[in-house]
Amino acid sequence: MTANILLKVSGLKVAYGGIQAVKGVDFEVAQGELVSLIGANGAGKSTTLKAVTGLQPVAAGDIEYMGKSIKGQGAWDLVKQGLVMVPEGRGTFTRMTITENLQMGAYIRSDKKGIEDDIDKVFAIFPRLKERRLQLAGTMSGGEQQMLAMGRALMTQPKVLLLDEPSMGLSPIMVDKIFEVVNDIHKQGVTILLVEQNASRALQIANRGYVMESGLVTMTGEGKTLLDDPKVRAAYLGE
Ligand code: ATP
């Protein structure tokens, strides 16, 4: 039986003007998987996510989602189809409360009861957000804003959640919390593509991983296998 591939990227190339940031990348994510994309600064990970989610034009190659090409579709159409990214830097609505931010995440939905239930589910995942539900997002810590951005994405009921560097700039305790939650969300059945510079943590919770270097995928394998690989350990785990 072949796995149900939700996302399939083939020969993806993305350029910024004359600079080729992604030079022909192939990867896939099956339903229910947590796949981590790791690599150094500037390897092209964020650019890959932006191209997949319609935020950056594709120069060559194809992106298939649920068996159909989505190349050229805008981010908004893709969110409606369940392909949802939490961008690096979070992007919460700073002058709205936590609850209002979560409600904004549900703006494509009209099932009032379902929305209320999902806000409760987000509060169960992130009790900190519940405690502070009337606080303005802009006054929260970086870790809390990351939680809010993830919660807001969950309100869209994603089929695939793409996370760009969720642990970036957070304190060690908050990093632990974020990886724990990503793992929990995955266990609850959400398919996840995780971009991270924290290779060790990202591979620990991943079913599979891809290593990117200078715009290309250079290695792939099960999370655990990559974690034990001497080349990965030397290049990305500081050994
Ligand atoms: P990081 O972890 O630093 O975000 P990354 O692996 O996600 O790294 P990208 O952000 O995708 O890498 O960057 C890949 C390359 O594209 C880099 O050389 C970067 O300088 C370049 N780049 C990224 N965004 C732009 C942009 N808006 N304009 C021009 N070049 C860009």
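Given the structure is predicted, the values throughout are model-derived calculations rather than measurements.

1. Description of the overall build of the protein chain
Stage number 1. Helices and strands together make up the secondary structure of the protein chain, namely 10 helices and 10 strands.
Stage number 2. Since a compact globule built from 239 residues should have a radius of gyration of about 18 Å, the 17 Å found for the protein chain is in line with a globular shape.
Stage number 3. A principal-axis box enclosing the C-alpha atoms of the protein chain has dimensions of 45 × 40 × 40 Å.
Stage number 4. A buried classification covers 50% of the 239 residues belonging to the protein chain.
Stage number 5. Look at the contacts in the protein chain between residues 6 or more apart in sequence, and 67% of them connect residues 24 or more apart.
Stage number 6. When the accessible surface of the protein chain is totalled, it reaches about 11100 Å², and 52% of it is carbon and sulfur.
Stage number 7. If you average the places of the 27 positive and of the 26 negative side-chain charges in the protein chain, the two averages end up 3 Å apart.

2. Some points on the sheet that holds strand β10 (residues 216-222)
Stage number 1. Across the sheet, which stays open at both edges, the six strands sit in the order β6-β7-β8-β3-β9-β10 with mixed pairing between neighbours. Either end of the sheet is taken by a strand with one partner, and the two such strands are β6 (83-86) and β10. Averaged over neighbouring strand pairs, the angle between their axes works out to 15 degrees when direction is ignored.
Stage number 2. Pairing geometry for strand β9 (residues 208-213) and β10, over six bridges, is antiparallel. Counted as the bridge partner of valine 211 is methionine 219 from β10.
Stage number 3. Against the sheet, helix α1 (residues 45-52) touches β3 (34-39), β6, β7 (160-164), β8 (191-196) and β9, its axis set at about 150 degrees to β7.
Stage number 4. Lying on the sheet, helix α6 (residues 142-154) is in contact with β6 and β7; it crosses β6 at an angle near 170 degrees.

3. Some thoughts on the confidence of the model for the protein chain
Stage number 1. Confidence in the prediction for the protein chain averages 93 pLDDT; 99% of positions are at 70 or higher.
Stage number 2. Interface confidence for the predicted complex, given as ipTM, is 0.92, next to a pTM of 0.93.

4. Observations concerning α6
Stage number 1. Taking 1.5 Å per residue as the helical rise, α6 with its 13 residues ought to reach 18 Å, and the 18 Å between its terminal C-alpha atoms agrees with that figure.
Stage number 2. The buried fraction of α6 is high, at 12 of 13 residues.
Stage number 3. Residues Gly143, Glu144, Gln145, Gln146, Met147, Leu148, Ala149, Met150, Gly151, Arg152, Ala153 and Leu154 constitute the buried set of α6.
Stage number 4. For α6, the elements touching its buried residues are β6, α3 (98-105), α4 (112-125), α5 (127-131), β7 and α7 (172-187).

5. Concerning the site of the ligand
Stage number 1. Around the ligand sit 13 residues, and of these Asn41, Gly42, Lys45, Ser46 and Thr47 come closest.
Stage number 2. Between tyrosine 16 and the ligand, the recorded distance is 3.4 Å, taken from a side-chain N or O atom to a nitrogen atom.
Stage number 3. One of the side-chain N or O atoms of glutamine 197 is found 2.9 Å from an oxygen atom in the ligand.
Stage number 4. Contact with the protein chains covers 62% of the free accessible surface of the ligand, which is 620 Å².
Stage number 5. For the shell around the ligand, the element with the most residues is α1, which contributes three residues.
Stage number 6. Of the residues belonging to the shell around the ligand, the class tally is four nonpolar, six polar and three charged.

6. Examining the environment of valine 84
Stage number 1. Looking at where valine 84 falls in the secondary structure, it is placed in strand β6.
Stage number 2. Valine 84 gets classed as buried once you look at its relative accessible area, which sits at 5%.
Stage number 3. Taking the C-alpha atoms as reference, valine 84 lies 6.4 Å from valine 160; in sequence the two are 76 residues apart.
Stage number 4. Not counting residues up to four positions away in its chain, the partners in contact with valine 84 are Val79, Ala153, Thr156, Pro158, Val160, Leu161 and Leu162.

Basis of the calculations
- Residues numbered from 1 in each chain as written.
- Predicted model: local features only at pLDDT ≥ 70, side-chain atom pairs only at ≥ 80, totals over all residues.
- Heavy atoms only, no water.
- Helix = DSSP H or I, 4+ residues; strand = E, 2+ residues; numbered from the N terminus.
- Rg over C-alpha atoms; globule rule 2.2 N^0.38 Å.
- Buried < 20%, exposed > 50% of the residue type's maximum accessible area, 1.4 Å probe, protein only.
- Contact = heavy atoms within 4.5 Å.
- Areas by Shrake-Rupley, 256 points an atom, 1.4 Å probe, with all protein chains shown as cover.
- Lys, Arg positive; Asp, Glu negative; His and termini not counted.
- Charge placed at Lys NZ, Arg CZ, Asp CG, Glu CD.
- Pairing = 2+ DSSP bridges.
- Axes fitted to C-alpha atoms, helices over the stretch in contact; angles between N-to-C directions.
- pLDDT = per-residue confidence, 0-100.
- Expected span 1.5 Å × (residues − 1).
- Near = heavy atom within 4 Å.
- Polar contact = N/O pair within 3.5 Å; in protein donor to acceptor, adjacent residues only side chain to side chain.
- Nonpolar A, V, L, I, M, F, W, Y, C, P; charged D, E, K, R; others polar.

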